[in-house]
Amino acid sequence: MTAPLVGRFAPSPTGRMHAGNIFAALLAWLIVRASGGEMVLRIEDLDPERSKPHFADAVQRDLEALGLTWDRGPFWQHDRTEAYEAAFETIVDACGAYPCFCTRADLAVASAPHLGDKHVYRGTCRSLSAEEVRERRGAGEVPAIRLRVPHERIAFDDIICGSYGQMLDEECGDFIVRRKDGAFAYQLAVVVDDAAQGVTSVTRGVDLLSSTPQQVFLQRALGLPEPVYAHLPLLVSEGGRRLSKRDGDASLDGMLARFGHPAGIIGHIAWIAGLQGEDAPATPEQLLEGFDISALPTLYAGRISIPWR
Ligand code: GLU
């Protein structure tokens, strides 16, 4: 038996839950509860445009109805600006940073696609002179702030994917720590919050695997503890597309109409994800009885997707 873990649900309140994020939440819960640990709920409302209070309410009701319980929180990212500011200053002092005026369109040309949707920043604004920066600011352009990354390989062991790493400069590039709208970047906020909330276990979709070296780099540079990561295959629709709000049959309401009750939804997701042998209703508590974290690498390693059906 390992030491009790502290895990987290970290929903962004930008829509209702669907099968994909319920699967990730279920696994996060099972991994933590199997260790006798506790769950934290953090509402990731960093993006003021897309985050909506009614989705934050809905996600809490949905998690409760599904039996995905938490012990601490909700913590809100909108309350955490001072902590992000302090970490931002520390990391910028330690690594160096520069204003970046690139637009989305510039980035699409100036960076090479890597690992799915990860783009490597080619350093377009890295060597702007103070003069150029002044001129562009003077002309009303608002920059994001990019951290200078070293020529260093950052690797970590993922419970499911095994050892994973990136050469920061070649496979990631300088990355944004503060956005043009002034909001602190997800990569920074998530690291600061995980540490402050005592999170030791992070379970989420494999779409975030390629962001994790950035987060581990920030943890090491800020002297913060590193959680244990588990990156799960993504539930995908028939065409191989990641499930989203567009897939009505995978939405919570769609699934409630199909399965009748929350245990029907949890049981079905557990079945397609290989956590139980039949498509039968189950609560998270019931799944916990047969759950074995050491079976996960065999179940999911090398799989980046699970077809939704
Ligand atoms: N807030 C992110 C999401 O809802 C999750 C981020 C994370 O797990 O680190 O996709």
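Small disclaimer: the values here were computed from a predicted structure and weren't measured. (Residues numbered from 1 in each chain as written. Predicted model: local features only at pLDDT ≥ 70, side-chain atom pairs only at ≥ 80, totals over all residues. Heavy atoms only, no water.)

1. Let's talk about the state of the cysteines
By the definition in use, this model includes zero disulfides. With no disulfide of its own, C102 lies closest to C125 among cysteine sulfurs, the gap being 3.7 Å. Taking relative accessible area as the criterion, C102 reaches 7% and is therefore assigned buried. Not part of a disulfide, C161 finds its nearest cysteine sulfur in C172, a span of 18 Å. Overall, the relative accessible area of 32% leaves C161 in the partly exposed class. (Disulfide = S-S within 2.5 Å. Buried < 20%, exposed > 50% of the residue type's maximum accessible area, 1.4 Å probe, protein only.)

2. Let's talk about the side chain of H268
Mapped onto the fold, H268 is located in helix α10 (residues 262-272). A relative accessible area of 1% means that H268 is categorised as buried. Discounting residues that sit within four places of it in the chain, H268 has contacts with R258, F259, D279, W308 and R309. (Helix = DSSP H or I, 4+ residues; strand = E, 2+ residues; numbered from the N terminus. Contact = heavy atoms within 4.5 Å.)

3. Examining the site of the ligand
Around the ligand, the surrounding shell consists of R8, A10, P11, S12, E44, Y186, V190, R204 and L208. Take A10: an N or O atom from its main chain is 2.7 Å from a nitrogen atom of the ligand. Side-chain polar atom of Y186 to an oxygen atom of the ligand: 2.7 Å apart, as the coordinates give it. Relative to its unbound accessible surface of 300 Å², the ligand loses 74% to contact with the protein. For the shell around the ligand, the class distribution of residues is five nonpolar, one polar and three charged. (Near = heavy atom within 4 Å. Polar contact = N/O pair within 3.5 Å; in protein donor to acceptor, adjacent residues only side chain to side chain. Areas by Shrake-Rupley, 256 points an atom, 1.4 Å probe, with all protein chains shown as cover. Nonpolar A, V, L, I, M, F, W, Y, C, P; charged D, E, K, R; others polar.)

4. Concerning the packing of aromatic side chains
Taken as a whole and judged by the stated rule, the model has five aromatic pairs. Residues F23 and Y300 carry aromatic rings whose centres are separated by 6.0 Å and whose planes lie at 80° to one another, so their mutual orientation is edge-to-face. Of this pair, F23 sits in helix α1 (residues 19-34) while Y300 sits in helix α12 (residues 296-300); the two residues are 277 residues apart in sequence, bridging distant segments of the chain. With respect to burial, F23 and Y300 carry one shared label: buried. Counting every residue linked through ring pairs, the aromatic cluster contains Y84, F88 and F184. Over the face of the ring belonging to F88 we find R178, whose NZ or CZ atom lies 5.7 Å from the ring centre. (Phe/Tyr/Trp six-rings, centres within 6.5 Å; stacked < 30°, edge-to-face > 60°. Lys NZ or Arg CZ within 6 Å of the ring centre and 35° of its normal.)

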